[in-house]
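Chains, contacts and geometry: an overview
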Amino acid sequence: MAVNGKAGRSFWDSAHWPLMRRALPRSSGPGTAGPILWSIVADLHAPQQPEIAPLASGLRSETFPVAMNPDGTTVDAKIAAFIRTAEQGFYEPWLSDEQINHIGQVLIKDEQTLTGVYVDRDDAAEESWGSAHTQVGFDADHPVGTFLDYDKTLNAGGPAGPIDARLITVVTVSPSFRRRGILKHMMTSALARAVKDGVPVAALTVSEGGIYGRFGFGCATREANIQVDLGEGHGEGFALRSEPSGRVISADPVKLDEVIGTSFEAFHARTRGSIGRQQTYQKAATARWNAEDLSSWNRKLRAAVHVREDGTIGGYVTYRHEGWETDPSTIRISDLIAADDQSHLALWDYIAGLDIVRRATMRTAPLADPLQPALLNPRSYKVTGLRDLLWVRILDVVQALQARAWSVDGAFRLELEDAMGITGGSFTVRVHDGAATVTPAAGAAAAEDSAEDLPTLQLSVETLGSLYLGDVSVRTLYAAGRLKDTTAEDVERISRIMDLPTPPFCATHF
Ligand SMILES: CC(C)(COP(=O)(O)OP(=O)(O)OC[C@H]1O[C@@H](n2cnc3c(N)ncnc32)[C@H](O)[C@@H]1OP(=O)(O)O)[C@@H](O)C(=O)NCCC(=O)NCCS
C-alpha cells in the first residue's frame, strides 16, 4: 500500500527500510536496549512539513499578527483592509471603522495570525486588466485572499486532557482570483507552520463540504437544530420526568464574565469534541457583542444561571425572545453551557417555565442531548436540522491518537495514508486502561509486532479525522468503503477498541 503519498518527500519511505533494519539491533524498541537508535526511528517518524504550493506570479503572501495602534483602540489600515475583505468574502456589509476596531480587539486577545495574499501592482501593470484594477479595484492594502489561524485546545477524550489544536478560519478568496491556487498556497503554508510548531491537530469549520478533504480534514463532529414545544400539559407539552435539583436565577448578562469562564472550563473538560472558545463568546454572552450591529450592545439578550444546592454555579443560558410577530411566541437560545447534566436540564426547565412562550429553539444542540429522554413527552423535542461542525486534520498521529478516548484494551496495526506526506506510515496502537501507546512500526519492533496476530486498519488521514472523536464508527466507515483493504474480521476487532459509546459535541463555532 502507498503510504505517505508524496514519494521521496518523507523519510518514511519504503526505500529507507532496508537501511533502518540493518541499523537497529534486534532488541531495540521503546523501553528496551538501543534507546538512541530508537529515538532516531521516532525522529524519522516525526511529522514532516508539507510542500508549500506556490502562488501564481504577480501574487505575494504575508503572514502577520494583529496589533493595535499605539493608541490601544484602533487598528492600522492594513489590518482594517484585511478584516473588511474577509467580511465581504462572506457577503457581510462594509464595516465602519468603529466596528473594525471592535473586531481587532478580540482578534488580539486570541493572538490570531493573519495571512493575506496581495496583488503585486507592478506585475499587474503588465497585464491587460492591470490599469482597470488600479482604477476601480480596492486599495492595494486589500488582500485578494484571507486566512486566519490561532491556537486553542481540543478535548479528544483521552485521560491526559485536551491537546493543542491550530484553528483555521476566515478563509476567503476574491471572486476575480478564484481557482488559481490561492487557497492551496495559504493552506499548505499554514499546515507547514503548524507542523513546525509541533501542533498535533488542525481544525476548521466549513461553508461547503467538498473543499477540505483534499487537505486531509475529515468531518469530526455534528450538531443539531432543535425546536422544543413548551406548551403546558403532560400529553403534548414540556414536562421533565423529575425535577432538577438546585435553582435557576435570572441574571444580568453584563455580570456573567466569571460564570461564563468557569462554566465553560468545566464543560470543556467533560465534553469530548469540545474546542476552547475565542473571545467573541465571552463578549456575546455578556451582551457586549451584537452580531447584527457590532457597534452596539446586544440589548435583546437575557441570561440565567443555575446554582446547585451547595451554592456552586452549574452553568448558564443566554437567550432572546424572537419578537411578537413570531407565532408561536418563541425563545431562541443563544448559548447553553452546563458543567453537568443536572444543570443542563435545570436550565432547560427554566426556559420552559418562562411565561407567554410556547416554543424554544436552539441551533447548537448536542446529538446525544439528555433533554429528550428526560422529557415525559419526547415528541415535544424535534430535531429540525443536522449539520457538520468541526473538521479535524491529524498532523501528528502519535500525539493525536495518544490523546484520544478508547473503548476497551487491545491492539491493532495502523496503515495511514497521507497524500500531503505529513504524518502517514505504519504504526502499532496498544490500548491499556483507556490510554493508547502509538509506536512507529520499525526495525525489531516491527518484527515482534508482525509475529503477533493483530488486526490492521488501513485508511486515509481524512478518514482518520472523521473517526478521531467518535462521530462515526469503524463499522460505518467500512460499509462506506472508506477503509481500503481492511478485512471484515479486522473491522469487528478494531471496532471494539476504537468505537465510542456517544457522539462527540463541539459547542464552539469559529
Ligand atoms: C473556497 C475558496 C476559498 C477557494 O479558494 P481558491 O483560491 O479558489 O481555491 P484553489 O484555487 O486554491 O483550489 C484548491 C482546490 O480546491 C478546489 N476547490 C476550490 N473551491 C472549491 C469549492 N467551492 N468546492 C469544491 N472544490 C473547491 C479547487 O478545484 C482545487 O482543487 P485541486 O486540489 O483538485 O486542484 C473560495 O472560492 C472562496 O473564497 N469562497 C467563498 C468563501 C468560502 O466559502 N470560504 C470557505 C470558508 S470555509
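If you're wondering where the values come from, they're calculated on a predicted model, not measured in any experiment. Along each chain, numbering runs from 1 in the same order as the chain's sequence is written. Given that the model is predicted, a residue must reach a pLDDT of at least 70 before its local features are reported, and side-chain atom pairs must reach 80 or more before they are shown or counted; all residues, however, enter totals for whole chains, interfaces and linings.

1. As for the overall build of the protein chain
A tally of regular secondary structure across the protein chain gives 16 helices and 18 strands. Exposed residues have 12 or fewer other C-beta atoms within 10 Å of their own C-beta, buried residues have 20 or more, and partly exposed residues fall in between, where C-beta atoms are placed from the backbone. Counting all 510 residues of the protein chain, 44% fall into the buried class. Residue pairs qualify as contacts under a 7 Å threshold applied to their C-beta atoms, which are placed from the backbone. For the protein chain, restricting intrachain contacts to residue pairs at least 6 apart in sequence, the fraction spanning at least 24 positions comes to 76%. Numbered from the N terminus, helices here are DSSP runs of H or I no shorter than four residues, and strands are runs of E no shorter than two.

2. Looking at the confidence of the model for the protein chain
pLDDT is defined as a per-residue confidence score from the predictor, taking values between 0 and 100. Scored by pLDDT, the protein chain comes out at a mean of 90, with 89% of its residues at no less than 70. Confidence over residues 1-33 falls short of pLDDT 50; this stretch has 70 contacts with residues more than four positions distant or in other chains.

3. Points about the sheet that holds strand β18 (residues 456-460)
Two strands pair if DSSP finds at least two bridges between them. The strand order across the open sheet built from four strands is β17-β16-β15-β18, with neighbouring strands paired in mixed fashion. Each end of this open sheet is capped by a strand with a single partner; those strands are β17 (435-440) and β18. Across this sheet, the average inter-strand angle for adjacent strands is 25°, counted without regard to direction. Note: strand β15 (residues 410-417) against β18, five bridges, orientation parallel. Considered in β18, the bridge of Arg413 is made with Thr456. Interaxial angles span 0 to 180 degrees and are taken between N-to-C directions of axes, which are lines fitted to C-alpha atoms, for helices over the stretch in contact.

4. Details of unusual backbone geometry
In this structure, the amide linkage connecting Asp327 to the following residue, Pro328, adopts the cis form with an omega of 0°. Residue placement: Pro328 occurs in the loop between β10 (313-321) and β11 (330-338). Despite not being glycine, Asp433 shows a phi value in the positive range, around 50°. By the C-beta count within 10 Å, which is 7 here, Asp433 ends up exposed. Its identity as a non-glycine residue notwithstanding, Lys484 has a phi of 50°, on the positive side. The topology assignment puts Lys484 in the loop between α15 (474-479) and α16 (488-498).

5. Some points on the nonpolar core
For this analysis, nonpolar core means a set of buried Ala, Val, Leu, Ile, Met, Phe, Trp, Tyr and Cys residues linked through C-beta atoms within 7 Å. Judged by nonpolar contacts, the single largest core of 132 residues is most densely connected at Val201, Ala203 and Val392. By residue number, the principal contributor to this core is helix α7 (residues 182-196), which donates eight residues. Discounting chain neighbours no more than four positions away, the residues touching Val201 are Leu154, Ile163, Ala165, Val392, Arg393, Ile394, Leu395 and Ala400.

6. Brief notes about the pairing of strand β5 (residues 201-204)
Alternating positions in β5 separate into two faces, Val201 and Ala203 on one and Ala202 and Leu204 on the other, with burial throughout. Direction of pairing for strand β4 (residues 163-173) relative to β5: parallel, over a ladder of four bridges. Its bridge partner being in β5, Arg166 is matched across the sheet by Ala202. With its strands directed away from the observer, a crossover is right-handed exactly when the path from the first strand over the helix to the second travels clockwise. Where the polypeptide runs from β4 across α7 and back to β5, its parallel neighbour, the crossover connection is right-handed. Sheet analysis places β5 next to strand β14 (residues 391-394), joined by four bridges and oriented antiparallel. What sits directly across from Leu204, in β14, is Trp391.

7. Let's talk about the packing of helix α3 (residues 77-89) against helix α4 (residues 97-109)
Their axes nearest at 10 Å, the elements α3 and α4 cross at an angle of 95°. Here α3 lies roughly perpendicular to α4, going by the angle between them. Across the interface between the two elements, Ile79, Ala80, Ile83 and Arg84 of α3 pack against Ile100, Ile103 and Gly104 of α4. Throughout this entry, Asp, Glu, Lys and Arg are counted as charged residues, while Ala, Val, Leu, Ile, Met, Phe, Trp, Tyr, Cys and Pro are counted as nonpolar. The remaining residues, Gly among them, count as polar. Of the residues that constitute the contact of α3 with α4, the class distribution is five nonpolar, one polar and one charged. Put simply, angles under 35 degrees are roughly parallel, angles over 145 are roughly antiparallel, angles from 65 to 115 are roughly perpendicular, and the rest are oblique.

8. Here's the deal with the site of the ligand
Any residue whose C-beta atom, as placed from the backbone, lies within 6 Å of a molecule or strand is termed near it. Near the ligand, the surroundings consist of 17 residues, among which Val173, Arg178, Ile182, Leu183 and Lys184 are the closest. Put simply, the parts of the chain that give the shell around the ligand at least two residues each are β4 and α7. By residue class, the composition of the shell around the ligand is six nonpolar, five polar and six charged.

9. Some thoughts on the sheet that holds β14
Spatial strand order, β1-β2-β3-β4-β5-β14-β6: seven strands in an open sheet with mixed pairing. Here the strands that pair on one side only, and so sit at the sheet edges, are β1 (59-65) and β6 (218-219). Along the sheet, α7 contacts β1, β2 (113-119), β3 (145-154), β4 and β5; its crossing angle with β2, the most-contacted strand, is approximately 145°.

10. Points about the environment of His432
Here His432 is to be found in strand β16 (residues 425-432). Overall, His432 belongs to the exposed group, with 11 C-beta atoms counted inside 10 Å. For the pair His432 and Gly410, spaced 22 residues apart in the sequence, the C-alpha separation amounts to 7.0 Å.

11. Here we look at α7
Given the number of residues in a helix, its expected span is that number minus one, multiplied by 1.5 Å. In this model α7 runs 21 Å from its N-terminal to its C-terminal C-alpha over 15 residues, within 8% of the 21 Å that 1.5 Å per residue would give. By the burial criterion, the buried members of α7 are Ile182, Leu183, His185, Met186, Met187, Ser189, Ala190, Leu191, Ala194 and Val195. Among the structural elements, β1, β2, β3, β4 and β5 are those in contact with the buried residues of α7. Downstream of α7 by a residue or two, Gly198 has a phi angle that is positive, lying close to 75°.

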